[in-house]
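Residue strings, one per chain:
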Amino acid sequence: MEWKKIIEQEKEKDYFKNLEKTIDEKYLTTTVYPPKEKIFNAFSLCPYDDLKVVILGQDPYHQPNQAQGLAFSTPKDIKNPPSMVNILKEIHSDIGSSQCDDGDLTPWAKQGVLLINAILTVEDSKAKSHKKIGWEIFTDNIIKYINEHKKSIVFLLWGAPAIEKSKLIDEKKHHILTAPHPSPLSAYRGFFGSKHFSETNKILQSIKKEPIKW
């Protein structure tokens, strides 16, 4: 199975048809991020067969030119948003360096890290504006599919909404690491010092998988 087929199956369902109608209208009448062709970028860049790690965010960045369809990631030429700054701080403190200091996490995706938000679109300057229009059903179904059809995936759940998704994951089959969200509002409550990057690589090495070059 490939992501394309999995997503096509979701698109056949009534909830997604309603979601698609709503989203099409929003893109026509308001400014929505990411660009429409990048909504499913996380799936395009992370091959299904290579999947090792899932990092779950909340919704895309809501300022111009930031969101690119990968949770927490921004294009190279954009100043790193505060959450990305904190992620990089934790990586440097945990393992010493990152290959993604420019904020573009495409190299992670290509190594098998699925970077998805619970909500895949957002209106300009309005955080969580596309909450409860159907995206949560879609991402829940993706997590359920991974849970059922894969094994030994490392799930990094940051922040209360992401941690809530742990009920969809069988801990006997997979690995779950949780921490507060890397946002400046909560990072100091335990995201800093969580060592999720070295922990993930320890788990991957223990199951004979290539560690991630963070």
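Before reading on, note that the structure itself is shown above.
These lines cover the structure that appears in this document, whether it is placed above or below. Keep in mind that this is a model prediction, so the values were computed, not measured.

Turning our attention to the layout of surface pockets. Taken as a whole, the largest pocket holds about 660 Å³ of empty space. Examining the composition of the lining of the largest pocket, we find that three residues originate from one element, strand β3 (residues 113–117), more than from any other. In the lining of the largest pocket, the residues fall into 21 nonpolar, 13 polar and three charged. There is about 290 Å³ of room inside the second largest pocket. For the second largest pocket, the lining is made up of 13 residues, of which Ala118, Lys131, Glu136, Pro161 and Lys165 are closest to its centre. For the lining of the second largest pocket, the secondary structure elements donating two or more residues are α6 (135–149) and α7 (160–164). Looking at side-chain class alone, the lining of the second largest pocket contains four nonpolar, one polar and eight charged residues.

Here we come to the packing of aromatic side chains. All told, the structure shown has 18 aromatic pairs when counted by the stated rule. Here Trp108 and Trp214 contribute two aromatic rings whose centre-to-centre distance is 4.8 Å and whose plane-to-plane angle is 85°, an arrangement assigned as edge-to-face. Taken together, the residues span a long stretch of sequence, with Trp108 in helix α5 (residues 106–110) and Trp214 in the segment after α8 (196–206) at a distance of 106 residues. Following the ring pairs from residue to residue traces out a cluster consisting of Trp3, Tyr15, Phe16, Phe40, Phe43, Tyr48, Trp135, Phe138 and Tyr145. One residue, Lys150, lies across the ring of Tyr48, its end atom 4.0 Å from the ring centre.

Conventions adopted
Sequence order as written defines the numbering, with residues in each chain counted from 1. Reporting in this predicted model follows two pLDDT cut-offs: at least 70 for local features of residues, and 80 or more for side-chain atom pairs to be given and counted; totals over whole chains, interfaces and linings ignore these cut-offs and use all residues. Processing note: side-chain calculations cover all non-hydrogen atoms of the structure and skip hydrogens and water entirely. Here a cavity denotes a set of grid points, spaced 1 Å apart and computed over the protein atoms alone, in which a 1.4 Å probe fits but from which it cannot get out, and a pocket denotes an open set meeting protein on both sides within 12 Å along at least five of seven lines; residues with an atom within 4 Å of a point are reported as lining. Grid points are joined across faces, edges and corners, and a volume is the space filled by probe spheres set on the points. Counting from the N terminus, the helices are the DSSP runs of H or I reaching at least four residues and the strands are the DSSP runs of E reaching at least two. Basically, the charged four are Asp, Glu, Lys and Arg, the nonpolar ten are Ala, Val, Leu, Ile, Met, Phe, Trp, Tyr, Cys and Pro, and anything else, Gly included, counts as polar. Stacked, edge-to-face and tilted labels apply to pairs of Phe, Tyr and Trp rings (six-membered ring for Trp) whose centres lie within 6.5 Å, assigned for plane angles under 30 degrees, over 60, and everything in between, in that order. Charge over a ring is defined by NZ of Lys or CZ of Arg lying within 6 Å of the ring centre and within 35 degrees of the ring normal.

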